[in-house]
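Here's the letter readout for the chains.
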Amino acid sequence: MSMAPSVEKIGGTSIAATDAVVGNVLIAGRAGRDLYRRIFVVSAYGGITDLLLEPKKKTDAAKPPGLYASFAADGEKGDWRDALDAVAAAMRARNEEVFGTSPERAVADDFVAARIGETRACLDDLDRLRGHGHFRLDEPLATLRELLAGLGEAHSAHNTALLLLARGVNAAFVDLTGWQDGRNLDLDERIRTGLDGIDSATTLPIVTGYAKCSDGMVRKYDRGYTEMTFARLAVLTGAREAIIHKEFHLSSADPKVVGVGKARKIGRTNYDVADQLANLGVEVIHPGAARGLRQAGIPLRVRNTFDRHDEGTLICADYVSAAPRIEIVTGIRELRALQFFEQDMVGKKGYDAAILDTLTKHRARIVSKSSNANAITHYLAAGGPTVRRVIADLEARFPNAEVSAPRLAMVALIGSDLSAEGCVGRALDALGAAGIGVKAMQHQMRNVDIQFILDTDRFDDAIRALHAALVECRATQDGKGGTLRTAA
């Protein structure tokens, strides 16, 4: 057996399910030496980072604005002191859920009180500084965002280590957040320093998903910073395997859309498929993290926290399915189709570069693109204000062009090998039988994805129709009708 450790990441929803994560992941029937040669990277408890920064999803507009958003808005989104109190209350409530009335509860509460108290003092100082009117807080605000992000992971990692120590496991809290550490280290140095002196053969390291480093993890990776820490730690330790524990299986479609009894665990796929999913906003792993694992030759396994005995889905660089198959039916419920048409474009160069420059200027994320003689279409995951600015710039630069950006949806078939003859025809037949019109479609020569553009109100219908025709039907024909197990 390899002496290298596995490096494993526990997501926010999973780490919040204390009994399940201890029983199915952290201990899971192990004893003695079998408990070790594993390193765990933990996210903040579900919802805590939203309270510390701002709601992650646009659909979460009803949620409180978050501590960082309140402070940065300087009173326009509510008083930051109230937001900090809400964070402290949520952390203490989580401590009560995890520890109840055990002695560890007081230790956990003292840890929260110390971090919250020092954060309050820092924010008070910044508040007084900007009150003078001569100071701009652009750089301090970016640093503050980093500091706040680390609070959530420090809380969950500290609690997890405490919990394991109370159960007789030699766990170590590894704090990479750089709390009160003025050293300007890069990510690799921060990780090596944090693990210095820890022997994973006899100790179970519980590592914060946030790592303070010179580049700024949140600035560089936004909410994907935990996965970057996880992947880099796997590379630096020469991990035998990288494992992500989520609250669901990586499955053939969203079970909430197609039904739990119809969705199927994928089982095996490759990093190319993982990248396609990331491009569509499906949370498997940050593409930067996947790149590091792939280049280091480290396989990634995605496991369901609530399904202890299932090995999950293994993602490797060189995997190709034995026969062509649709692995996942997914997509984006709402995007903007930026259509640029100019009759005089044909035979001339420069239009494409100008459009890309404009999209880059306004930080509009491109999901996909198509073109013909006199039209270029970019499918964008971008909000209305961003799209309006893009259109205004393009119309000013190209007064004879027609530029529009209707709201549409994209549904994609994804797999490591989609080369089966007739696949597109069967997909179109399935959509047609469901009365779903296709506005546009793309099938790249690499045969890893096929994209269909359609009206947003038919998104769920399209997922169900394609999944029934191309996944469920295939599984029945092959005698592979097993379905997903879910949390008890």
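Residues numbered from 1 in each chain as written. Predicted model: local features only at pLDDT ≥ 70, side-chain atom pairs only at ≥ 80, totals over all residues. Heavy atoms only, no water.

Draft legend 1. Main features of the sheet that holds strand β2 (residues 38-42). In space, the eight strands of this open sheet follow the order β3-β4-β2-β1-β5-β7-β8-β6, with mixed pairing throughout. The open sheet terminates on both sides in strands that have one partner only, identified here as β3 (171-174) and β6 (268-270). Direction aside, neighbouring strands of the sheet carry axes that sit 20 degrees apart on average. With three bridges connecting them, β2 and strand β4 (residues 204-208) associate as parallel partners. When the sheet's bridge partners are listed, phenylalanine 40 is paired in β4 with isoleucine 206. (Pairing = 2+ DSSP bridges. Helix = DSSP H or I, 4+ residues; strand = E, 2+ residues; numbered from the N terminus. Axes fitted to C-alpha atoms, helices over the stretch in contact; angles between N-to-C directions.)

Draft legend 2. Region of the structure containing the state of the cysteines. Summed over all chains, the structure comprises zero disulfides. The thiol of cysteine 213 is unpaired, and the distance to the nearest cysteine sulfur, on cysteine 122, comes to 18 Å. (Disulfide = S-S within 2.5 Å.)

Draft legend 3. Main features of the pairing of strand β7 (residues 300-304). Extensive coverage of β7 is indicated by the burial of five of its five residues. Residue alternation in β7 divides its side chains into two sets, Leu300, Val302 and Asn304 and Arg301 and Arg303, and both sets are buried. In this sheet, β7 lies alongside strand β5 (residues 241-246) in parallel orientation, the contact comprising five bridges. The residue of β7 that forms the bridge with lysine 246 is asparagine 304. Two elements, β7 and strand β8 (residues 313-316), share three bridges in a ladder whose sense is antiparallel. The residue of β8 that forms the bridge with valine 302 is threonine 313. (Buried < 20%, exposed > 50% of the residue type's maximum accessible area, 1.4 Å probe, protein only.)

Draft legend 4. Highlighting the side chain of arginine 115. Relative to the helices and strands, arginine 115 resides in helix α6 (residues 104-131). The exposure class assigned to arginine 115 is buried, which follows from its relative accessible area of 11%. If we skip the residues at most four places from it in the chain, arginine 115 touches Leu151, Ala154, Asp175, Thr177 and Trp179. (Contact = heavy atoms within 4.5 Å.)

Draft legend 5. Seen up close, the nonpolar core. Counting 98 residues, the largest nonpolar core has Ile206, Phe230, Ile285, Leu293 and Leu300 as its most contacted members. Considering each element in turn, this core owes the most residues, ten residues, to helix α7 (residues 138-166). Filtering out sequence-adjacent residues up to four positions away, leucine 293 remains in contact with Phe230, Ala231, Ala234, Ala242, Tyr271, Ile285, Ile298 and Leu300. Ile326, Val424, Ala462 and Val471 belong to the second-largest nonpolar core, a separate cluster that totals 25 residues. (Core = buried A, V, L, I, M, F, W, Y, C linked by side-chain atoms within 4.5 Å.)

Draft legend 6. Molecular detail of the confidence of the model for the protein. Per-residue pLDDT for the protein has a mean of 91; in total, 94% of the residues score no lower than 70. Overall, residues 476-488 carries pLDDT values under 50, and its contacts beyond four positions in sequence, including any with other chains, amount to 22 contacts. (pLDDT = per-residue confidence, 0-100.)

Draft legend 7. Examining the pattern of salt bridges more closely. Tallied over the entire structure, the rule returns 29 salt bridges. Put simply, glutamate 54 and arginine 223 hold a salt bridge, and the shortest N to O gap is 3.8 Å. Pair noted here: glutamate 54 is in the loop between α3 (48-52) and α4 (67-73) and arginine 223 is in the loop between α9 (217-221) and α10 (225-236), with a separation of 169 residues, a long-range link. For arginine 223, a relative accessible area of 18% corresponds to the buried category. The salt bridge involving aspartate 109 is made with arginine 105; its shortest N-O contact spans 3.2 Å. Of the two residues, aspartate 109 and arginine 105 both sit in helix α6, four residues apart, roughly one turn of that helix. Through salt bridges with shared partners, a single network forms among Asp74, Asp79, Arg81, Asp124, Asp127 and Arg130. (Salt bridge = Lys/Arg side-chain N within 4 Å of Asp/Glu carboxyl O.)

Draft legend 8. Representation of the packing of aromatic side chains in the model. Applying the stated rule across the entire model yields six aromatic pairs. Consider the rings of phenylalanine 71 and tryptophan 80, whose centres lie 5.7 Å apart with planes at 70 degrees: the pair is edge-to-face. Of the two residues, phenylalanine 71 and tryptophan 80, neither departs from the other in class, the shared state being buried. Measuring from centroid to centroid gives 6.0 Å for phenylalanine 340 and tyrosine 351, while their planes differ by 55 degrees, and the two rings are tilted. Highlighted residues: phenylalanine 340 in strand β9 (residues 328-341) and tyrosine 351 in helix α14 (residues 351-361), separated in sequence by eleven residues. Owing to a relative accessible area of 1%, phenylalanine 340 belongs among the buried residues under this scheme. (Phe/Tyr/Trp six-rings, centres within 6.5 Å; stacked < 30°, edge-to-face > 60°.)

Draft legend 9. Looking closely at the packing of helix α8 (residues 187-195) against α10. Here α8 crosses α10 at 70 degrees, and the two axes come no closer than 10 Å. One way to sum up the angle between α8 and α10 is to call them roughly perpendicular. Considering how the two elements wind past one another, α8 and α10 form a crossing that is right-handed. Contact with α8, carried on its side by Leu187, Asp188, Ile191, Arg192 and Leu195, involves Met228, Thr229, Arg232, Leu233 and Leu236 of α10 and no other residues of that element. Residue composition of the contact of α8 with α10, grouped by class: six nonpolar, one polar and three charged. (Parallel < 35°, antiparallel > 145°, perpendicular 65-115°, else oblique. Left-handed = near helix turned anticlockwise from the far one by under 90°. Nonpolar A, V, L, I, M, F, W, Y, C, P; charged D, E, K, R; others polar.)

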